[in-house]
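Summary of the model geometry
What follows is the residue order along each chain.
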Amino acid sequence: MLAEIKGLNEECGIFGIWGHEDAARLTYYGLHSLQHRGQEGAGIVVAHNGSLSGHKGLGLVTDVFQSGTLDALKGAAAIGHVRYSTAGGGGYENVQPLLFRSQTGAMALAHNGNLTNAIELKLALEGQGSIFQTTSDTEVFAHLIRRSQAPTFVEQMKEALSQIEGAFAFLLLTEKALYAALDPHGFRPLSLGRLGSAYVVASETCAFDVIGATYEREVAPGELLIISREGVRSERFASRQPRSICSMEYIYFARPDSHVDGINVHTARKNLGKRLALEAPAEADIVTGVPDSSISVAIGYAEASGIPYELGLIKNRYVGRTFIQPSQALREQGVKMKLSPVRGVVAGKRVVMVDDSIVRGTTSRRIVSMLREAGAVEVHVRISAPPITHPCFYGIDTSSKEELIAANRTVEEIRRLIGADSLAFISQEGMLEAIGRPDVSPERGQCLACFTGQYPTRLGQTARPCLTMK
Ligand code: SF4
């Protein structure tokens, strides 16, 4: 899928391991499997002989780490991070994990999400004399821990966690323990696994599969896990709020082989396709999906409609992800580099083209025109997310409201703009049922804010939408 080109960008991926002598190398493999969540920077910090050390850099995991770099990172505990800069901007200093040293010891911090009261807290902390090294939200959390007067480190962490708002999945490493915390609404996925006697924590379960670890359970909203020589201990830092797991994790971000809060992502997407076929049938000869995330949706649409699935679009996997290119002109050029229509498949056919979302509309327009240039006689666009009408404040770059094509236009206007013969979005109810979270029980809720404008948390006066910093 090409959401990154149309203004819907990933957030970050985090991975941690405790109790394995090859911690850095396993973290490298874990991060590699989470690379789809962020490609702007990567880093690993290890705990060894009572101290922390790390390596980080800009670019892909394979660019940042060579074999020699990993060999130098010795230790039986590690955390790692792949970054897409939603808040605070890019730049080396914002690549995580962030490492802090003080007289009371060192700690490393990796964060996935976006804090909605970070600027308020930062202003207050600066007023009390704190000096910040980065422009990232994440550093605010470290300062809150250091300023806490609570008697133990765990109490200090809990006090800090209770002051921050928004979406966060944190991993924190000291020489004594690995800590994992999820915000009270549980916007982001975070899972716990086992690898022999070692414990692993990751944004997505695909990171467990790649290293041969087994899934244990989800980290619960409002929970703080403390993993140390004594095993795993669970504490709460906040009462559990209604679950607001990000809908876009199922629709776009997560890998199809991951389970997000117990639901397989490929299955959820296939069901989205089946539902779309019922809600928005089309008279067509073939169904094709925009790779990668919409392939599963297209398979579901084909199965339910009886229209054959075909590989009408091919992604060139050896082109770097286009969103790191700075200008719109370069991004649009990147669409062509990344995606090609299969002329022999689409020529002379009425095509159902399935994609996960329309953000600015630019990419959809280009794909429709690409299919027509390749000979498609009709192009019917089906979208597996409801229209995105509001910006995200929780760690996903969805562009500003002004740029969101569905915020200001009807479906018919969008259809004309992208040049499709027909256009339909899945309904909100259909999306929830297809994913498998139809009930509104507090434990099974989903965040719908970018479709409804109803944000599950207070937005601090200084909350910023998660926009690409350019
Ligand atoms: S606003 Fe949208 S993108 Fe952001 S967390 Fe909610 S569902 Fe996900």
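It should be noted that the structure appears before, not after, this text.
As a starting point, this report considers the structure included with it. Small disclaimer: the values here were computed from a predicted structure and weren't measured. (Residues numbered from 1 in each chain as written. Predicted model: local features only at pLDDT ≥ 70, side-chain atom pairs only at ≥ 80, totals over all residues. Heavy atoms only, no water.)

**What about the sheet that holds strand β12 (residues 223-228)?**
Quick reminder of the rule: Two strands are counted as paired when DSSP detects at least two bridges linking them. Counting from the N terminus, the helices are the DSSP runs of H or I reaching at least four residues and the strands are the DSSP runs of E reaching at least two. Throughout, an axis means a line fitted to C-alpha atoms (over the contacting stretch in the case of helices), and angles, computed between N-to-C directions, take values from 0 to 180 degrees. It only takes one pair of heavy atoms within 4.5 Å for two residues to be counted as in contact.
The strand order β5-β6-β7-β8-β12-β13 describes an open sheet built from six strands, whose pairing is antiparallel. One side of each edge strand has no neighbouring strand; the edge strands of this open sheet are β5 (98-102) and β13 (231-236). Between one strand and the next, the sheet's axes are offset by a mean angle of 20°, whatever the strand orientation. Two elements, strand β7 (residues 166-173) and strand β8 (residues 178-182), share five bridges in a ladder whose sense is antiparallel. Across the sheet, residue Ala 169 finds its bridge partner in β8, namely Leu 182. Contacts between helix α6 (residues 138-147) and the sheet are confined to β5, β6 (105-115) and β7, with β6 contributing the most and set at about 135° to the helix. Contacts from helix α7 (residues 153-163) reach β6, β7, β8, β12 and β13, with the element oriented near 150° to β12.

**Things to note about the environment of Ser 258**
Condition: Polar contacts, as counted here, are pairs of nitrogen or oxygen atoms within 3.5 Å of one another; within protein the pair requires one atom able to donate a hydrogen and one able to accept it, and residues that are adjacent in sequence qualify only if both atoms are side-chain atoms.
Turning to its location among the elements, Ser 258 is positioned in the loop between α9 (247-253) and β15 (259-260). Distance from Ser 258 to Asp 209, taken between C-alpha atoms, is 8.9 Å for residues 49 residues apart in sequence. A distance of 3.3 Å separates the side chain of Ser 258 from the backbone nitrogen of Cys 206, its partner in a polar contact.

**Here's the deal with the site of the ligand**
Counted only if it meets this: Distances are taken per atom, and a residue is near a molecule or strand as soon as one of its heavy atoms is within 4 Å of it. Asp, Glu, Lys and Arg are counted as charged, while Ala, Val, Leu, Ile, Met, Phe, Trp, Tyr, Cys and Pro are counted as nonpolar; the rest, among them Gly, fall into the polar class.
In the vicinity of the ligand, the residues found are Arg 188, Cys 246, Ser 247, Met 248, Cys 392, Tyr 394, Ile 396, Cys 447, Ala 449 and Cys 450. Contributing elements (two or more residues each) for the shell around the ligand: α9 and α18 (449-452). When grouped by side-chain class, the residues that make up the shell around the ligand number eight nonpolar, one polar and one charged.

**Concerning the sheet that holds strand β17 (residues 286-289)**
Neighbouring strands of a sheet are bound in pairs by backbone hydrogen bonds; such pairs are parallel or else antiparallel. If you walk across this open sheet you meet the four strands as β17-β20-β21-β22, and the pairing is parallel. In the strand order of this sheet, the two ends are held by β17 and β22 (422-425), each with one partner. Averaged over neighbouring strand pairs, the angle between their axes works out to 20° when direction is ignored. The sheet contact formed by strand β20 (residues 350-355) and strand β21 (residues 378-383) spans six bridges and is parallel. Bridge pairing in β21 places Met 353 opposite Val 381. In the packing of helix α11 (residues 293-305) onto the sheet, contacts are made with β17, β20 and β21, and the angle to β17 comes to roughly 160°.

**Overview of the side chain of Asp 261**
Residue placement: Asp 261 occurs in the loop between β15 and β16 (263-264). A polar atom in the side chain of Asp 261 sits 3.5 Å from the side chain of Arg 243. Side chain to side chain, Asp 261 and Arg 437 meet in a polar contact 3.0 Å long. Once you skip the residues sitting within four places of it in the chain, Asp 261 turns out to touch Glu 218, Arg 243, Ile 245, Tyr 250, Arg 437, Glu 443 and Arg 444.

**Description of helix α2 (residues 23-33)**
Put simply, the rule reads: Throughout this description, buried means an accessible area under 20% of the type-specific maximum (1.4 Å probe, protein chains only), exposed means over 50%, and partly exposed covers the range between.
Counting buried positions over the eleven residues of α2 gives eight, a clear majority of the element. Of all the positions in α2, only Ala 23, Ala 24, Leu 26, Thr 27, Tyr 28, Gly 30, Leu 31 and Ser 33 are classed as buried.

**Description of the pattern of salt bridges**
Side chains bearing opposite charge may pair, as long as their charged atoms lie close to each other. Short version of the rule: Should a side-chain nitrogen of Lys or Arg be within 4 Å of a carboxyl oxygen of Asp or Glu, the pair is scored as a salt bridge.
Enumeration according to the criterion identifies 23 salt bridges in this entry. Salt-bridge contacts for Lys 274 lead to Glu 303; the nearest nitrogen and oxygen are separated by 3.5 Å. Of this pair, Lys 274 sits in helix α10 (residues 265-279) while Glu 303 sits in helix α11, placing them 29 residues apart in sequence. Lys 274 sits in the partly exposed class, given a relative accessible area of 29%. Taking relative accessible area as the criterion, Glu 303 reaches 48% and is therefore assigned partly exposed. We note a salt bridge from Arg 372 to Asp 421, for which the minimum N-O separation is 2.9 Å. With Arg 372 in helix α14 (residues 362-373) and Asp 421 in the loop between α16 (411-418) and β22, this residue pair connects regions lying 49 residues apart in the sequence. What makes Asp 421 partly exposed here is its relative accessible area of 36%. One connected set of salt bridges, linked through shared partners, spans Arg 37, Arg 188, Glu 204 and Glu 249.

**Side note on the packing of aromatic side chains**
Operational definition: Pairing of aromatic side chains here covers Phe, Tyr and the six-membered ring of Trp, requires ring centres within 6.5 Å, and sorts the geometry by plane angle: under 30 degrees stacked, over 60 edge-to-face, intermediate tilted. Cation placement over rings: the criterion is NZ of Lys or CZ of Arg within 6 Å of the ring centroid and within 35° of the ring normal.
Counted according to the given criterion, the structure contains ten aromatic pairs. When the centroid spacing of 5.5 Å and the interplanar angle of 65° are considered together, the rings of Tyr 28 and Tyr 29 count as edge-to-face. Here Tyr 28 falls in the buried class, since its relative accessible area comes to 15%. Judged by centre distance (4.7 Å) and plane angle (50°), the ring pair of Tyr 252 and Phe 253 falls under tilted. A relative accessible area of 5% means that Tyr 252 is categorised as buried. We classify Phe 253 as buried; its relative accessible area is 3%. Connected via pairs of aromatic rings, a cluster forms that spans Phe 141, Phe 168, Phe 170 and Phe 237. The residue whose ring lies beneath Lys 56 is Tyr 92, and the NZ or CZ to ring-centre distance is 5.1 Å. For the cation-ring pair, Arg 194 lies above Tyr 199, with the distance from its terminal atom to the ring centre recorded as 4.1 Å.

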